[in-house]
Amino acid sequence: MTYTPVAYDPYDFANRRHIGPSPAEMEAMLQVVGVPTLDVLIDETVPKSIRQNTPLSWAPLAEHELLDKMRSVGKLNTVMTSLIGQGYYGTVTPPAIQRNILENPAWYTAYTPYQPEIAQGRLEALLNYQTMVADLTGLPVANASLLDEATAAAEAMTMAERSAKSKARGFFVDRNCHPQTIGVIKTRAEPLGIEVIIGDPAKLDPSAVFAAIFQYPGTYGHVTDFTDQITALHGAKALAIVATDLLALCMLKEPGAMGADIAVGSAQRFGVPMGYGGPHAAFMSCRDDLKRSMPGRIVGVSIDSRGNKAYRLSLQTREQHIRREKATSNVCTAQALLAVMASMYAVFHGPLGLRAIAERVHFGANRLARALKAAGAKVSPAAFFDTITVEVGVGQTGILAAARHEGLNFRKIGTDRVGIALDETTDERVLQRILRAFGVEGVPPHRAQLGFPEAMVRTTDYLTHPVFHMNRAESEMMRYMRRLSDRDLALDRAMIPLGSCTMKLNAAAEMMPITWPEFGSLHPFAPADQALGYKEAIDDLSAKLCEITGYDAMSMQPNSGAQGEYAGLLTIQAYHKSRGDAQRKVCLIPTSAHGTNPASAQMVGMQVVVVKTAPNGDIDVEDFRAKAAAAGDRLAACMITYPSTHGVFEETVREVCQITHDHGGQVYIDGANMNALVGLVKPGKIGGDVSHLNLHKTFAIPHGGGGPGMGPIGVGAHLAPFLPGHTELCGPAGAGPQSEDYAGAVSAAPYGSASILLISWAYCLMMGGEGLTQATRVAILNANYIAARLAGAYPILFMGNKGRVAHECILDTRAFADVGVTVDDIAKRLIDNGFHAPTMSWPVSGTLMVEPTESETKAEIDRFITALLAIRAEIAAVENGEISSEDSPLRHAPHTVNDLVADWDRKYSREAGCFPPGAFRVDKYWPPVGRVDNVYGDRNLICTCPPVESYAEAAE
């Protein structure tokens, strides 16, 4: 008998590991959808007029092959001890935090905590972060992270502009701010008509500005007390912003004690690797009366349905979706995972540990300065924390070379100075190597001698809450992190069917390289010849993304999707300016567009003109045509999402693009729904001029509880010369011959959060071109399967001409409000079933937008469908008068263990309430709190860790 080998390939990552349904399951699903093959479904869903003709070209790698390749690429990077500073420092990530947070899918696969009942763990960690920032900066309110220090500074500028009582249009920038911060501020200010004045704080004219920003400590090391300047600003009704360093504030007088109104900075050196630029959590804190103007997310304390303490996002959680072009910020992605790491670093070390680390760094810098001065070197400044500047004259090149010979990177400053910034990793051996680079042998003995005036010593306490004083045995830390993660529902527990957010598999092999030292330890401003591995990865990822999108060039700088929108519109503006068309300011945006679209357009100084949506959810082409004609030579751009935010492939996309081009405008295609296009449609070939790509959606970077994200932009060849530039690259971060009108920097680092680009590169390499295309096809299948199974129970709000949805579908639940059942009730009831709710009330109020992605198996999708059908039956019971909405399990959801064991006087059984169909019996997820009272939380805003007594009071 002839032996027949199996055809099964266990190393086929795309079809065996990433894509959920098996071939047999797909056959069964296709039968339900009512088509014979997947090809037929795609033909019925995606208009043939826009389909690409050539397949994606590259072959896949198996997981072990991918890791081998990553090792070889990593070896191309040269890991040096970078003492460049400039906002980026070596740090020690406690292994317990690396393993239990950064490398733990319970933390990195979680979604933004918009459903607070299933996010209490990460909300507590983020509240710890806010408390840490508020305490260290001496200001009472902090947010739950921004993208990086430079963008936080730019956000602070615009926050100050709308809050200050001064009518001046100037914004003063301390010349000692980090150069990348100055660059991003200038980019943000120009389209808003803000005059940036860079100068010496001692010569500040308060009457000429609405606010000023000071760097503390300064980029060259200066420690300056800005109390007098801040007092003068307040006398002129202007505001004061201090960009600062959390570790330095463990020793130095805090900004709040100087009278600062706002503080910003980066929490990177609290245990987060440099990663060639990120991701890192930036922070912002402010005076209490400014809190309602603060951008980003703020975690607050509220109560649940039983009156127990519960955390939630407060205030402007998604203000850009509500206020649209009137929004004050387009911030959508935070850096939640990195903020959690930084908060755990503070819990791990406590105030004494942080103070000890700060002292170790400072006294090391003091010893270094004494040794260099003793050798005759000119060292400045007179007052410093961790950074000194050494005048070396014509010997600069030789000193930098000698440092590199010692495995060190110094900062090149001008033509005659070098900067040296010490950090947590600086030990005796590093000090010896630094001095050898200057020809000095030996290090002066340690003395507890300050390098700044005693008047600058911090005198106030910080991190006084008990969470920062817990027993720091690793066993206790490990259990604390586990307890918090157990309170959450992340992708490692269940499907998260969020429309437009694409919560797909984040494979372990994709995640592993980011913690390797050859990728994690690189400073973003290290010499280019030390980052050849990153260059290979970024160049190859850019090439693959260009092939996928049909664009000609990529900028990897934007470190969120909203930043990508902003960068893309800046690129369009720069293009128009170069052609003498500076009057082009009108941006056409359909009502169905993502909320960040109009906010981004407003930020670049464009005038938003809203285009109507037709009854079937498509763009109203006639209204679009009329408004494009009315704009005429003032038309700058249109912003559309494709497939549409309503979850369908519009047949008129080419027509909309052509109308825009006929009037001289550029087409921005929002890439949020790229998961329905990869391998099937190239936005750059159907009329798009620029798109951003949410790598944290389509390309497998995990959401991390609300960030990190990356939002690179692809552009046509005509826009390539105008991509964002960066001070450290002396020009473009993009490709092509650069125009002098190119867009300015939008992020602190040239390649944004560079280390997580490795995740998307690994995803592309393991999937291969064919695998990526199959993923898109199966994402469309899964969505249509859900739509087909639920169509009889829930109306599907929008469908294409052939009755198909794209990769997501919208369930219309508005009619249930007639019997008192809200979309909130359905969302909270899904928690009892062990699911995160779909996207609620967006893009249409009172609806649920479901996106299963390609990674979910048929079994998990069927469990979700079972849950929704059971909920529909509970709604029917209300409709039929069998039970009122107030008495139903829908209104009491979610059910906690407290509900289960307490006296039961409800009109349904405990089992019906706590174990509905679809819920696991053995492994059931129990939310730690009942339904959270949002109104109470906003009326009684508490944004830092409440005292322990308050928990005791709540329990009584």
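These numbers come from a predicted model, not from an experiment. (Residues numbered from 1 in each chain as written. Predicted model: local features only at pLDDT ≥ 70, side-chain atom pairs only at ≥ 80, totals over all residues. Heavy atoms only, no water.)

(A) Structural context of the overall build of the chain. Across its full length, the chain holds 31 helices and 27 strands. For 956 residues, the compact-globule estimate of 2.2 N^0.38 gives 30 Å, and the C-alpha radius of gyration of the chain, at 28 Å, lies within 12% of that figure. For the chain, the spread of C-alpha atoms along the principal axes amounts to about 85 × 80 × 70 Å. Residues classed as buried in the chain amount to 65% of the 956 residues present. Long-range pairs, those at least 24 residues apart, make up 77% of the contacts in the chain between residues at least 6 apart in sequence. About 32,100 Å² of surface is accessible on the chain, with carbon and sulfur atoms providing 51% of the total. Across the chain, 85 positive and 101 negative side-chain charges occur, with their mean positions spaced 2 Å apart. (Helix = DSSP H or I, 4+ residues; strand = E, 2+ residues; numbered from the N terminus. Rg over C-alpha atoms; globule rule 2.2 N^0.38 Å. Buried < 20%, exposed > 50% of the residue type's maximum accessible area, 1.4 Å probe, protein only. Contact = heavy atoms within 4.5 Å. Areas by Shrake-Rupley, 256 points an atom, 1.4 Å probe, with all protein chains shown as cover. Lys, Arg positive; Asp, Glu negative; His and termini not counted. Charge placed at Lys NZ, Arg CZ, Asp CG, Glu CD.)

(B) Expanded view of the environment of G74. With respect to the helices and strands, G74 occurs in helix α4 (residues 63-74). When its relative accessible area of 1% is taken as the criterion, G74 is described as buried. Considering only alpha carbons, one finds G74 and A110, 36 residues apart in sequence, at a separation of 28 Å. The contact partners of G74, leaving out residues within four places of it in the chain, are E518 and F519.

(C) The arrangement of the packing of aromatic side chains in detail. All chains considered together, the criterion is met by 19 aromatic pairs. Aromatic side chains Y88 and F525 sit 5.6 Å apart centroid to centroid with 85° between the ring planes, which places their arrangement in the edge-to-face category. Within this pair, whereas Y88 is found in the loop between β1 (81-82) and α5 (95-102), its partner F525 is found in the loop between α18 (517-520) and α19 (532-549), the two being separated by 437 residues in sequence. In this structure, Y88 and F525 share a single accessibility class: buried. Ring geometry for F410 and F438: centres 5.7 Å apart, planes at 20°, overall stacked. With F410 in the loop between β13 (408-409) and β14 (411-413) and F438 in the loop between α15 (428-437) and α16 (474-486), the pair connects residues that are 28 residues apart, well separated along the chain. Lying over the aromatic face of W58, K544 brings its terminal NZ or CZ to 5.1 Å of the ring centre. (Phe/Tyr/Trp six-rings, centres within 6.5 Å; stacked < 30°, edge-to-face > 60°. Lys NZ or Arg CZ within 6 Å of the ring centre and 35° of its normal.)

(D) Representation of the side chain of H18 within the structure. Checked against the element boundaries, H18 lands in helix α1 (residues 13-18). A polar side-chain atom of H18 sits 2.7 Å from a polar atom in the side chain of E854. Apart from residues no more than four positions distant in its own chain, H18 is found in contact with F13, K504, L505, Y763, M767, E854 and S855. (Polar contact = N/O pair within 3.5 Å; in protein donor to acceptor, adjacent residues only side chain to side chain.)

(E) Representation of unusual backbone geometry. With an omega of 0°, the peptide bond running from S380 to P381 counts as cis. Among the structural elements, P381 can be located in the loop between β11 (378-380) and β12 (387-391). The residue S500 is not glycine, and still its phi comes out positive at about 75°. By the secondary structure assignment, S500 is in the loop between α16 and α17 (508-511).

(F) The arrangement of the sheet that holds β14 in detail. Here 4 strands make up an open sheet; going across it, the order is β11-β12-β15-β14 and the pairing antiparallel. Two strands bound the open sheet, and with one partner strand each, they are β11 and β14. Looking at each pair of strands side by side, their axes are set apart by 30° on average, direction ignored. Two elements, β14 and strand β15 (residues 417-421), share 3 bridges in a ladder whose sense is antiparallel. Residue pairing for β15: I413 is matched across the bridge by R417. Helix α14 (residues 396-405) rests against β14 and β15 of the sheet, and its axis sits at about 30° to β15. (Pairing = 2+ DSSP bridges. Axes fitted to C-alpha atoms, helices over the stretch in contact; angles between N-to-C directions.)

(G) Looking closely at the pattern of salt bridges. Following the criterion strictly, the structure yields 47 salt bridges and no others. The partner of R287 in a salt bridge is D289, and the shortest N-O contact between them spans 2.6 Å. A relative accessible area of 25% places R287 in the partly exposed class. Among the salt bridges present, the one from D540 reaches K544, with a minimum N-O distance of 2.8 Å. Placement of both D540 and K544 in helix α19 is noted, with a separation of 4 residues, approximately one turn of the helix. (Salt bridge = Lys/Arg side-chain N within 4 Å of Asp/Glu carboxyl O.)

(H) Here's a closer look at α15. All of the buried residues along α15 are V430, L431, R433, I434, L435 and A437. Contacts made by the buried residues of α15 are with β1, α13 (336-374), α14, β13 and β15. Among the residues trailing α15, G439 stands out with phi positive, at a value near 75°.

(I) Spotlight on α14. Every buried residue of α14 is listed here: Q396, I399, L400 and A403. What you see down the axis of α14 is that its buried residues fit within an arc of 100°, all on one side. Facing away from the buried side of α14 by more than 90 degrees, the exposed set consists of T397 and H405. Looking at the residues trailing α14, positive phi occurs at G407, about 80°. (Arc of directions from axis to C-beta.)

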